[in-house]
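Observations on the three-dimensional arrangement
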Amino acid sequence: MTRTRRLTLPDGYQFTRTLRSLLVVRHDPCGKLGEGEFWLSARTPEGPGSLHLARAGAELTATGHGPGAAWLVDRADAIAGLRDDLGDFPARAASHPLVARLAATFAGVRFPATGQVFHRLIRAILEQKVTGIEAHRAYRAMVRHFGEPAPGPAELLLPPDPEAVAATPYWVFHPFGVEQRRAQALLRAAVAAARLERCADSAEATRRLTAIPGIGPWTAAEVVRTSYGDPDAVSVGDFHIPNSVAWGLAGEARGTDARMLELLEPFAGHRGRVCELLAYGGISAPRFGPRMPIRSFARF
């Protein structure tokens, strides 16, 4: 089963940078991103599917494959970030010279909204308090372990089935490099996955997510920023972002979560967008200590 839809892109739309956040870097078994081409697999309410987005100038062609094709194509504009409404952000951005410059430079970047909670939640839990390299290695191993071929010609794997994850003993995750704490958070999230996917909006999803032991504000924000395209979601509790915000907005080399939120208050409604703009622009605070070591819990 296939379904196709054509979309018109706004002037200056940045295809690669908009969609890059939906995949783990280097290699994601559930997606591919190339020059003007994007693939993503998904478990939709209508069944498994894969989505192909192909850009040609100002036109974007969305093609869905599998039982979930219609669902994916119907929300292809959201997945491509085309439902992201900047609203009053340009006026708010103008209040700070750096934010204004970054907003102009990256005006074509949009926040995607996949409508898929559990897939992004897997990544967010695995990213808790470890390096990106460790987290992405564990994610790829987990997807391969639970892997089922996705519909379509791209040779992707589907995201793990939450029912299969929920039925798995925590020690099975250890060879992936995932210790008991994160494994149990994954299991609890898998049990709640069906309820999480039914959340009406980012606020409801955040409430339900943070009610699950092992999932706090940081993890919830990482999820809803992608699943719902929430431009106000701030990753409170992050190791780097408070420092980057304090440095970029106030010239302060170190910042707390409280100071970060204070500095972001003028951009309410778009606080997460400001954090992302700082990251796009390579704005980071000076480093005074060693980097976090890369470990492997599989060897412990």
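If you're wondering where the values come from, they're calculated on a predicted model, not measured in any experiment. (Residues numbered from 1 in each chain as written. Predicted model: local features only at pLDDT ≥ 70, side-chain atom pairs only at ≥ 80, totals over all residues. Heavy atoms only, no water.)

**Examining the overall build of the chain**
A count of helices and strands for the chain gives 15 helices and 5 strands. The C-alpha radius of gyration computed for the chain amounts to 19 Å, which stays within 12% of the reference 19 Å derived for 300 residues, consistent with globular compactness. With the C-alpha coordinates of the chain rotated into their principal frame, the extents come out at 50 × 50 × 30 Å. In the chain, which comprises 300 residues, the proportion classed as buried is 53%. At a minimum sequence separation of 6, the contacts of the chain that also span at least 24 residues come to 64%. Averaging the coordinates of the 36 positive side-chain charges in the chain and doing the same for the 30 negative ones gives two points 5 Å apart. (Helix = DSSP H or I, 4+ residues; strand = E, 2+ residues; numbered from the N terminus. Rg over C-alpha atoms; globule rule 2.2 N^0.38 Å. Buried < 20%, exposed > 50% of the residue type's maximum accessible area, 1.4 Å probe, protein only. Contact = heavy atoms within 4.5 Å. Lys, Arg positive; Asp, Glu negative; His and termini not counted. Charge placed at Lys NZ, Arg CZ, Asp CG, Glu CD.)

**So, helix H9 (residues 180-191)**
With 12 residues, H9 should reach 16 Å at 1.5 Å per residue; the first-to-last C-alpha distance of 16 Å fits that figure. All of the buried residues along H9 are Arg 182, Ala 183, Ala 185, Leu 186, Leu 187, Ala 189 and Ala 190. Check the buried side of H9 and you find it contacts helix H6 (117-126), helix H7 (132-145), helix H8 (162-166) and helix H10 (193-197). (Expected span 1.5 Å × (residues − 1).)

**Here's the deal with the nonpolar core**
Of all hydrophobic cores here, the largest spans 39 residues; its most connected members are Phe 118, Leu 121, Leu 126, Met 142, Val 165, Phe 173 and Leu 209. No other element matches H6, which puts 7 residues into this core. (Core = buried A, V, L, I, M, F, W, Y, C linked by side-chain atoms within 4.5 Å.)

**Structural notes on the environment of Gly 177**
Here Gly 177 is to be found in the loop between H8 and H9. Take Gly 177: its relative accessible area is 12%, and that puts it in the buried class.

**Observations regarding helix H12 (residues 217-227)**
The buried fraction of H12 amounts to 10 of the 11 residues, a majority that puts the element mostly inside the structure. If you check which residues of H12 are buried, you get Trp 218, Thr 219, Ala 220, Ala 221, Glu 222, Val 223, Val 224, Arg 225, Thr 226 and Ser 227. Against H6, helix H11 (202-210) and helix H15 (271-280) lie the buried residues of H12. One or two positions beyond H12, positive phi appears at Gly 229, with a value near 60 degrees.

**Some points on the side chain of Glu 127**
Following the sequence through the fold, Glu 127 ends up in the loop between H6 and H7. Here Glu 127 falls in the buried class, since its relative accessible area comes to 15%. Setting aside chain neighbours within four positions, we find Glu 127 in contact with Arg 120, Ala 135, His 136, Trp 218 and Glu 222.

**Some details on the packing of aromatic side chains**
Scanning the model with the defined rule gives 3 aromatic pairs in all. Taken together, a centroid distance of 5.5 Å and an interplanar angle of 55 degrees make the contact between Phe 106 and Tyr 280 tilted. With Phe 106 in the loop between helix H5 (97-105) and H6 and Tyr 280 in helix H15, this residue pair connects regions lying 174 residues apart in the sequence. Ring centres of Phe 173 and Phe 176 lie 5.8 Å apart, and the angle between their planes is 85 degrees; this geometry places the pair in the edge-to-face category. Residue Phe 173 is classed as buried on the basis of its relative accessible area, which comes to 0%. Through a chain of ring-to-ring contacts, three or more aromatic side chains come together here, namely Phe 146, Phe 173 and Phe 176. Between the NZ or CZ atom of Arg 273 and the centre of the ring of Phe 89, over which it lies, the distance is 5.6 Å. Geometry around Phe 111 places Arg 273 over its ring, the cationic atom sitting 5.0 Å from the centre. (Phe/Tyr/Trp six-rings, centres within 6.5 Å; stacked < 30°, edge-to-face > 60°. Lys NZ or Arg CZ within 6 Å of the ring centre and 35° of its normal.)

**Quick notes on the side chain of Ser 244**
You can see Ser 244 is positioned in helix H13 (residues 241-250). Exposure remark for Ser 244: the relative accessible area of 13% places this residue in the buried category. For Ser 244, the residues in contact, after removing those within four places along its chain, are Leu 278, Ile 283, Ser 284 and Ala 285.

**Digging into the packing of H5 against H15**
Running from N to C, H5 and H15 cross one another at 75 degrees; their axes reach a closest spacing of 10 Å. Classified by the angle between their axes, H5 and H15 sit roughly perpendicular to one another. In contact with Leu 98, Val 99, Leu 102 and Ala 103 of H5, H15 contributes Val 274, Leu 277 and Leu 278. For the contact of H5 with H15, the per-class residue count stands at 7 nonpolar, no polar and no charged. (Axes fitted to C-alpha atoms, helices over the stretch in contact; angles between N-to-C directions. Parallel < 35°, antiparallel > 145°, perpendicular 65-115°, else oblique. Nonpolar A, V, L, I, M, F, W, Y, C, P; charged D, E, K, R; others polar.)

Spatial relationships are all this shows, so hold off on functional conclusions.
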